[in-house]
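Results of the structural survey
What follows is each chain in one-letter form.
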Amino acid sequence: MAFANGTGSIEPKPSDIILGCKKCTHGNKVTVDFPDAVFTFHAQWLHDARCDDGASKNAATAICQQPISTVHAETVQLSSRGASMTLDVTWDDGLASKFPAIWLRAMAPLVARFDSPEAALKQSGVQGWLVDTLKIPEISYHEIFPEEAEKEDLDNITINILDQLLGKSAPGIVKIIDLPDPNIEDERNHKNNINTQVLKRLFGSVFVHPIRGSDQTFNVSSHSDDAKRAVGIPNYDTTQLLLPHSDHAFYDNPIQVQGFYGLEGESENTWVSVLAILATLKQESPDLYEHLCKAPMALGRVSRFYGDPLYQATVDTAITMEPGSQDRVKRVRWHPNLTGSLLSPYDEYQKARLAHQKFDEIMRRDTHQLKLIFKPGDLYIWDNFRLLHGRERVLEVPRTGVGQTVPEQVVHDRYRALHVDVLKKYVDERWLIHMPMRQLREMLRLVKGHYWLDG
Ligand SMILES: [Fe+2]
C-alpha cells in the first residue's frame, strides 16, 4: 500500500524504509506505510517522543506537565532516502519534528496500531530449548582476546556473544574454548582468574562482593579453605545433589550473567531452560502456571563462614515478567535449598504449593534437564535470568570450580552501549536514549538487513 497524498516531494521506491504517510482530518493520528506493514500512531505520542531538541526535558516540556490531545499534526511528509530517510511533521504549536524512519519502524509494534489486514506481524514464538534441540555455541578465547583487532571488530564480536546469551530466542549459554593453561595458585586464591578476565572483557566489570572484594571469584571446592570453613554448614556441602537453581536467588537484585570454570576434578552438572519448563507447565497445567507466576516466596541464607556472618533474604515470585507484560519473562528466581515457605494467601496456598512442585518436577525430566560432564578447562557462561543450573554428582576429587558473576545493570549498560555505538552512525544518538533494549536490537537487525549497507 502507498498513499496518494502526504508523501511530499518524495516518490517512494520499493527499497525505501517508508513508502508513504498521511494524517487524519483532525491531525490526531499519523499513518505510516512501511514495506512490510502499515501502522497508525497517536499524534500525541509522536509529539511526546520527539527528540529534535534533545532527549532530556525541562519543567516546561516534560510530558506530565502537558494536557493530552492539545497538539495536532498539521502536515506530514517524507524527506531524504535510505538510512537518513525521515518523516517530517509540523505541529500546531509551532514546532517541527523529523522522525528517523528506522526509529519509527522499530518503535511501531510497541505503540502504534497495526493496520495491515493482509499479513500478521511475525511472532517469534520463543519456547526456550529442550535437551535434544540445544546446541551450545562454542567461542574461541582467541576471538575474545585477539592479538590485533580494531575496536569496531571487537565490539561486533562482543555483540554476537551477548546475543547468544541474552537474545530471547538464543540458547542463553555459551562455552569458551581454546583457553590458556590456568595459574593453579591464582585460581585457587580467587585472583587473576581466567573466568574473571573473560567476563570483564565482555562486560567491563564483574560483581563486587561486599566481603570478598572486587574481581575475586567464588570457588566451589572440595578441599580449599572455603570448604574447611563451611564444614557442617547446610548448603555448602559440595558432595550433595544440588538441584537446579539460580544464583543470588536470595538477593533483591540477583546477578544476571555468570561463568563457571573447571579447575580440577570432575562433576556432572546440569542446566535447564526456564522458558521451556514454563511452556510445558502452561501446556499441561495452565492454572498452575498462573499460580507459579503469582505466588510470593521467602528465600534466605546465612553465610557463617565470613568473619561477620552475612544475613541475606528477599521475598519475590519465582517468575518476574517484563514491566507491563503478562507473559514475557524477564527473570527466574529459584533456589530449592534456600527457599523458606510460600507466602500466598490462605485460599491460594494449596494451588501455589502444587505449582512449585510441578515446576520442579518438569525441570528434572530428561527432556528438559541437560547433563554435562564438567571437566578441568571447561568454561561455561550463561544467563542466570533464563537458565537454572545445578550439580547431579561429583565424579572426581579434589574438585574446584571457579565462579564469577556480572550484575544486571552492568550487563544492561554494556549491551546498550554496544548497540548505541553502532546505531548512532545511522541515527542521531538522542533518538536512541529512550529506546527499550528490545527496540534497539530490532533496529540493529533492520540496519544490518537493509540494502543500503551493502554499497
Ligand atoms: Fe549456583
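Let me sum up the structure you'll find in this document. For clarity, every value in this text was computed on a predicted model and none was experimentally measured. (Residues numbered from 1 in each chain as written. Predicted model: local features only at pLDDT ≥ 70, side-chain atom pairs only at ≥ 80, totals over all residues. Heavy atoms only, no water.)

In this section: the side chain of Q312. Tracing the sequence through the fold places Q312 in strand β14 (residues 310-317). One polar contact links Q312 to Y251, side chain to side chain, over a distance of 3.1 Å. Apart from residues lying up to four places away in sequence, Q312 is in contact with F250, Y251, L299, G300, R301 and S303. (Helix = DSSP H or I, 4+ residues; strand = E, 2+ residues; numbered from the N terminus. Polar contact = N/O pair within 3.5 Å; in protein donor to acceptor, adjacent residues only side chain to side chain. Contact = heavy atoms within 4.5 Å.)

Another point: the sheet that holds strand β4 (residues 73-79). A sheet is described by the order of its strands in space; here 3 strands give the open sequence β4-β5-β6, paired in antiparallel fashion. The open sheet is flanked by β4 and β6 (96-100), the only strands paired with a single partner. The average angle at which neighbouring strand axes cross in this sheet is 20 degrees, direction not considered. Pairing geometry for strand β5 (residues 86-91) and β6, over 5 bridges, is antiparallel. (Pairing = 2+ DSSP bridges. Axes fitted to C-alpha atoms, helices over the stretch in contact; angles between N-to-C directions.)

Of all hydrophobic cores here, the largest spans 71 residues; its most connected members are L87 and I176. Top element by residues in this core is helix α2 (residues 101-111). It accounts for 7 residues. Structurally, this core is a two-domain feature, drawing no fewer than three residues from each of domain 1 (20-123) and domain 2 (138-413). If near-sequence neighbours (up to four positions away) are discounted, I176 is found in contact with I139, Y141, I144, V198, L379 and I381. If you look at the next biggest cluster of nonpolar residues, it comprises 32 residues, including L278, V329, L338 and A352. (Core = buried A, V, L, I, M, F, W, Y, C linked by side-chain atoms within 4.5 Å. Buried < 20%, exposed > 50% of the residue type's maximum accessible area, 1.4 Å probe, protein only. Domains from an automatic or database assignment.)

All we've got here are geometric facts, nothing functional implied.
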